[in-house]
Amino acid sequence: MSNFSIPESELMSSGHLACQGCGGANAMRYALKALGPQTVLVMPACCWSVIDGPFPHSAVTVPVFHTAFETAGSTAAGVRAGLSMRGDDETTVLAWAGDGGTFDIGLQALSGAAERNDDIIFACYDNEAYMNTGIQRSSATPAGAWTTTTPAGHTKDRPKKKILDIIAAHGVPYAATATIAWPDDLIEKFQKAKTMRGMKFIHIYAPCPTGWKSPPELTVEVSRLAVQTRLFPLLEIYDGHDYHLRRDIDVRPVRDFYKTQARFAQMTDEQFDAMQRETDAHWNELVARHEESARAMA
Amino acid sequence: MKKVLEGNHAISYGVKAADVDVVAAYPITPQTQIVERLSEMCGTDFDARFIKVESEHSAMAAVIGSSAAGARSFTATSSQGLLLMHEVLHWAVGARLPIVMANVNRAIAPPWNIWTDQNDSLSQRDTGWLQIYCESNQEVFDTTLHAFYIAERIHLPVMLVLDAFFLSHTSEIVDVFDADEAREFLPPFRPIERLDPNSPRAYGNLTGPDNYYELRHKIDTAMRDALTVAREADDAFYNLWGRRYGIVEGYRTEDAATVLVTSGTITSTARTVIDSRRENGERVGLLKMRLFRPFPVEAVRTFLARAQKVAVIDRNIGFSIGGIFAQEVRAALYGASHVPVFSFIAGIGGRDVTPKTIGEILDITAASERPDRDVYWIGVKDEQLLYTGI
């Protein structure tokens, strides 16, 4: 028996091409620890297209199939069907997409896979903008954020798309959020997803020091703050309606999160207050759903 | 076993005979019956998964995934659906996946038109897909098997192409057989590379100028090798079932002074016109273009270089330059022959190409020593232009 709750096996190697403090790189490391070597990765265009390393290198020791930007859901569905037709129902097919490949250009194929309930795990490592192309806004970019296409004076005025709600609305067996600040929680969710059949969606918060203008050494801290401020609650939704909200985490004001990143430097006190109200309202809504789910179970 | 099948169902039976593992497809007129029949067959008549995707783009992406996992994979589409796939058509080629796709030739919108022409498939000319154009439903069934035979030997995807309605919805007697019989021609798919956790590899990683160039050169080489492999497939098929098509087919070309060049179902009509002109003593012949990619340069030279005139009929248009087959024929003959090549446009958007149309084309060709224009549009109605806006 290991003394550690986190598996000691390393399926991701050093020498990868991620920026310092990359949340997406850490997320992959933990996800692979959870899933083990019997995994095939399907990777659309995203930071990981680069992080994995140039031909003939690869930073992971599982098979990787790079695919077109908008095709993570559909290609992964095909890999699943192909493996199964070869008699392999055991290998986990993991689609690993950024927020662009999930929230935006990849949403149609993801929705198709979710609606068909294809037996895959779709993980989105969400760094809240098109970081691989150099920090352009996506529909995952939060209101108030600077990016190169929401520059100073024109910072984003629309809220972050509620991707978990969208995927859960397909009635998939499992949709969850996770962050690298709670690695044991993240690993547990991937391990759970591995044992379930059908579509599993895991939304990972993945700070990007390069794009968020945050100190690389604070990536875990920023991840923790996102959860503590309830901007990114840790949540599981089973079958599209059974909500399990993690409520044992000390709460902090949203301002504490925003202050760690220069991308929010333009935000005013009024905007902070507005975000606090929105976040509180969303939290209360989640609590209500959680309690409703608990009642339904009882 | 002989069946009465429309072209679309001939494909479905071909897919069954090929013992395909994974089908992913999205319906589009006039391809729909392929998908419908396969929906009934997959998992019932033969062991296969059918992924009912939400778009053609996802259809191609899904068969890219299944083929990469080592499963024999098929899809079918037409027109707008093929155009939507364009990005991932290139992906299938770069990933060297032996996917087979049926494309039912249909005109491109706007304006909406569901009838046949070839601009959808010919727009994909440089994706690296093989393209085989069929003339009959028997050829459609047989070519489905040829396509997998060729694709799995050269590691490139193959598109078999048939005319909307003239083949897709027209019933003919088709001699079909099952996977048990077909296996002698088409053994089970044994890819040399596939996604396998026991042998982890990364496919498609960032590749710089040092290697990308050679990878594209390999695709070009494989495409050229496909000419030989396509002939092998034709021979092997003939030895088992007595039917052969060639990569091109010369029809009454011996001693022909004028040779028509056609593809698809216009070929059948042209055969009858050639026969009747021959009865009148005219030295005319026909070259059917079955393979478009790889382009059979040597075969085209063999059949056309010694003719006095060549007349190419294109059910497609390369705007401002003429028919697309005509351009390719001219390029193939360059340096090998000075034979004048007349480019005729006919039948676009499903306009009928009748024996009279083809007769007119032969008459125009007979009337001039050389073409007096880049392209002859046959049967353009002046009155109609007055009412169609720009």
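Residues numbered from 1 in each chain as written. Chains lettered and ligands numbered in written order. Predicted model: local features only at pLDDT ≥ 70, side-chain atom pairs only at ≥ 80, totals over all residues.

Engineer: Honestly, the overall build of chain B in this entry has me stumped. Any pointers?
Structural biologist: In terms of helices and strands, chain B carries 14 helices and 16 strands. Considering only C-alpha atoms, chain B reaches an extent of 70 × 50 × 50 Å along its principal axes. Sorting the 390 residues of chain B into buried and exposed places 55% on the buried side. Partitioning the contacts of chain B with sequence separation of at least 6, the portion at a separation of at least 24 is 80%. (Helix = DSSP H or I, 4+ residues; strand = E, 2+ residues; numbered from the N terminus. Buried ≥ 20, exposed ≤ 12 C-beta atoms within 10 Å, placed from the backbone. Contact = placed C-beta atoms within 7 Å.)

Engineer: Any chance you could explain the sheet that holds strand E6 (residues 200–205) of chain A here in plain terms?
Structural biologist: Pairing is mixed across the open sheet formed by nine strands, whose spatial order is E8(A)-E7(A)-E5(A)-E6(A)-E4(A)-E3(A)-E1(A)-E2(A)-E9(B). Of all the strands in the sheet, just strand E8 (242–245) of chain A together with strand E9 (202–203) of chain B have a single pairing partner and so form its edges. Sheet topology note: the strand E3 (residues 92–98) of chain A/strand E4 (residues 121–126) of chain A ladder contains five bridges and is parallel. For Ala 95 of chain A, the partnering residue across the bridge sits in E4 of chain A and is Phe 122 of chain A. Of the strands in this sheet, strand E1 (39–43), E3, E4 and E6 of chain A touch helix H1 (residues 23–35) of chain A, which is tilted by about 155 degrees from E4 of chain A. Strand contacts of helix H11 (residues 269–297) of chain A: strand E7 (235–238) and E8 of chain A, with the helix running at about 120 degrees to E8 of chain A, the strand carrying the most contacts. (Pairing = 2+ DSSP bridges. Axes fitted to C-alpha atoms, helices over the stretch in contact; angles between N-to-C directions.)

Engineer: Just checking my understanding: could you explain the sheet that holds strand E2 (residues 22–24) of chain B for this structure?
Structural biologist: Strands pair in a sheet through their backbones, by hydrogen bonds, and they do so in one of two ways: parallel or antiparallel. Spatially, E3-E2-E4-E5-E7-E6-E13 (chain B) is the arrangement adopted by the seven strands of the open sheet, whose pairing is mixed. At either end of the open sheet lies a strand with only one pairing partner, and these are strand E3 (49–51) and strand E13 (291–293) of chain B. Geometrically, the sheet is characterised by an average inter-axis angle of 20 degrees between neighbouring strands, direction not taken into account. By the bridge criterion, six bridges tie strand E5 (residues 100–105) of chain B to strand E7 (residues 158–163) of chain B in an arrangement that is parallel. Across the sheet, residue Val 104 of chain B finds its bridge partner in E7 of chain B, namely Leu 162 of chain B. Lying on the sheet, helix H3 (residues 72–85) of chain A is in contact with E2 and E3 of chain B; it crosses E3 of chain B at an angle near 175 degrees.

Engineer: Would you mind going over the environment of Pro 98 of chain B with me for this structure?
Structural biologist: Residues and elements named next belong to chain B. Of note, Pro 98 is situated in the loop between helix H5 (86–94) and E5. Residue Pro 98 is classed as buried on the basis of its 22 C-beta neighbours within 10 Å. A sequence separation of 69 residues divides Pro 98 from Thr 29, and the C-alpha atoms of the two residues are 25 Å apart. Those residues in contact with Pro 98 that lie beyond four places of it in its chain are Ser 67, Ala 151, Glu 152, His 155, Leu 156 and Pro 157.

Engineer: Sorry, what's going on with the domain arrangement of chain B here?
Structural biologist: By convention, interface size is frequently given as the accessible area that disappears when the constituent parts associate. Residues and elements named next belong to chain B. Taken domain by domain, chain B holds domain 1 (2–241) and domain 2 (248–386). Distance between the C-alpha centres of domain 1 and domain 2: 28 Å. Listed as interface residues are 25 residues of domain 1 and, on the opposing side, 21 residues of domain 2. Only helix H6 (119–122), strand E6 (130–133) and helix H9 (209–241) provide two or more residues apiece to the side of domain 1 that touches domain 2. Of the residues assigned to the side of domain 1 that touches domain 2, the class counts are 14 nonpolar, six polar and five charged. (Domains from an automatic or database assignment. Nonpolar A, V, L, I, M, F, W, Y, C, P; charged D, E, K, R; others polar.)

Engineer: Quick question: what am I supposed to make of the interface of chain B and chain A here?
Structural biologist: Counting from both sides, the interface comprises 38 residues of chain B and, opposite them, 40 residues of chain A. Breaking the side of chain B that touches chain A down by element, the ones donating at least two residues are E2, E3, helix H3 (56–68), H5 and E9 of chain B. With 10 residues, H3 of chain B is the single largest residue contributor to the side of chain B that touches chain A. Residues of the side of chain B that touches chain A, tallied by class, amount to 19 nonpolar, 12 polar and seven charged. When strand E2 (residues 64–66) of chain A meets E9 of chain B, the two strands line up parallel, connected through two bridges. Paired with Phe 65 of chain A across the bridge in E9 of chain B is Tyr 203 of chain B.

Engineer: Which parts of the structure should I look at to understand the packing of helix H1 (residues 7–17) of chain B against helix H2 (residues 32–41) of chain B?
Structural biologist: Helix-helix packing is characterised by the crossing angle of the two axes and by the distance between the axes. Residues and elements named next belong to chain B. Put simply, H1 and H2 touch, their axes get as near as 8 Å, and they point 40 degrees apart. The two elements H1 and H2 cross, and the hand of that crossing is right-handed. Counted together, Asn 8, His 9, Ile 11, Ser 12, Val 15 and Lys 16 of H1 and Gln 33, Ile 34, Arg 37, Leu 38 and Met 41 of H2 form the full contact between these two elements. Along the lines of polarity and charge, the residues of the contact of H1 with H2 split into five nonpolar, four polar and two charged. (Left-handed = near helix turned anticlockwise from the far one by under 90°.)

Engineer: Whenever I open this one, the environment of Gly 7 of chain B confuses me. Can you help?
Structural biologist: All names here are of chain B. The residue Gly 7 is located in helix H1 in this model. Expressed as a C-alpha distance, the spacing of Gly 7 and Val 259, which sit 252 residues apart in the sequence, is 28 Å. Those residues in contact with Gly 7 that lie beyond four places of it in its chain are Asn 137, Val 140, Leu 162, Leu 167, Ser 168 and Thr 170.

Engineer: What am I meant to see in the environment of Ile 345 of chain B here?
Structural biologist: Residues and elements named next belong to chain B. In this fold, Ile 345 is placed in strand E15 (residues 341–345). In this structure Ile 345 comes out as buried when scored by C-beta crowding, with 23 C-beta atoms within 10 Å. Distance from Ile 345 to Ile 99, taken between C-alpha atoms, is 32 Å for residues 246 residues apart in sequence. Once you skip the residues sitting within four places of it in the chain, Ile 345 turns out to touch Asp 314, Ile 317, Gly 323, Val 375, Tyr 376, Trp 377 and Ile 378.

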